[in-house]
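# A structural walkthrough
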Amino acid sequence: MNWADNFLNRIVTLHNLGKGVSTMKKGLITLIIGVLFCSAVSLCFAADPKYVDVQAEIPSQDGLSVSISKVQNGTWSTDTKIDFGTLKFDNANKIFTGQWYYAVDVGVNSNAADWTIKHDVSSNVQLVGGTDTLNDNINVTFVKQLSSGTSPELLKCTLTESNGRSYTKSSLSGGWLRIYYGIATGESAVDAANVKTIGTDKPSGVYKGQVKITLSGV
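Note that the structure is predicted; figures quoted are calculated from it, not measured.

Unusually for a residue other than glycine, Asn73 sits at a positive phi of about 55°. In this structure, Asn73 sits in the loop between strand E1 (64-72) and strand E2 (75-79). Not every positive phi belongs to a glycine, and Lys94 is a case in point at roughly 60°. On the basis of relative accessible area, Lys94 is assigned to the partly exposed category, the value being 45%.

Okay, structure coming up:
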């Protein structure tokens, strides 16, 4: 064999050795990947699920708030009681009328399933030392007050007729209870059906009384 043949044989031998090493590397890599895959599968099936409890308690919340607003000539101002002051005499109609009226907003802060707001006349509005009252001379209007839009009127009646009236959580859903109080005006479009104006037959003096607003069912 001459030197040319010997050189050619060496090249073929090196080429074959290279192919063997390459094949060996590929096989080794495949083997490692297979082992890793099998290990991963084994870990997935071997791990048990763990559970963590999540808990919170919301306490019972019950509360009733009342805010009083005096409304005079379209202007609202905060007040602490309903005081119509000295009534104005309407000489043309011979009646006494109020110069302002009141709006009482009743707020309920309760997460009870249901509750009821009750309105009672717990003490008659009467002349101090006498027996005359203004119970039939005061308009009481119950309204489901909404944040926007038209607020529906629930009832317009006399103070006498307002005694014992109640409204539930469901009937006030989406709003809250607002109660208007005002002296009879003599105008049928404004006054309740059974309200009476205050004429000169009503004795002079100071008339006082109370209404009671109660939250129940909580």
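That covers the picture; the talk isn't over yet.
This part covers the pattern of salt bridges. By the definition in use, this model includes 2 salt bridges. Among the salt bridges present, the one from Arg178 reaches Asp105, with a minimum N-O distance of 2.7 Å. A residue pair is termed long-range when its members are at least 10 positions apart, and Arg178 in strand E10 (residues 176-183) and Asp105 in strand E5 (residues 101-108) qualify at 73 residues.

As a further point, take the pairing of E10. Here E10 lies mainly inside the structure; 6 of its 8 residues are buried. Where E5 lies against E10, 5 bridges are found, and the strand directions are antiparallel. Residue pairing across strands places Val106 opposite Leu177, the latter belonging to E10. Bridging between strand E7 (residues 138-145) and E10 involves 8 bridges; their strand directions are antiparallel. Paired with Asn139 across the two strands is Gly182, which belongs to E10.

A word on the environment of Ser216. Mapped onto the fold, Ser216 is located in strand E11 (residues 207-216). The exposure class assigned to Ser216 is partly exposed, which follows from its relative accessible area of 32%. Those residues within four positions of Ser216 in sequence are excluded, and the remaining contacts are Trp115 and Thr116.

Before going further, it helps to spend a moment on the sheet that holds strand E6 (residues 116-127). In any sheet, the strands associate via hydrogen bonds between backbone groups, in a parallel or an antiparallel arrangement. One open sheet accounts for 3 strands, arranged E9-E6-E11; its pairing is antiparallel. For this open sheet the edge positions go to strand E9 (165-168) and E11, each flanked by a neighbour on one side alone. The average undirected angle you get between the axes of adjacent strands in this sheet is 15°. In this sheet, E9 lies alongside E6 in antiparallel orientation, the contact comprising 4 bridges. Its bridge partner lying in E9, His119 is registered against Arg165.

The rules we used
- Residues numbered from 1 in each chain as written.
- Predicted model: local features only at pLDDT ≥ 70, side-chain atom pairs only at ≥ 80, totals over all residues.
- Heavy atoms only, no water.
- Helix = DSSP H or I, 4+ residues; strand = E, 2+ residues; numbered from the N terminus.
- Buried < 20%, exposed > 50% of the residue type's maximum accessible area, 1.4 Å probe, protein only.
- Salt bridge = Lys/Arg side-chain N within 4 Å of Asp/Glu carboxyl O.
- Pairing = 2+ DSSP bridges.
- Contact = heavy atoms within 4.5 Å.
- Axes fitted to C-alpha atoms, helices over the stretch in contact; angles between N-to-C directions.

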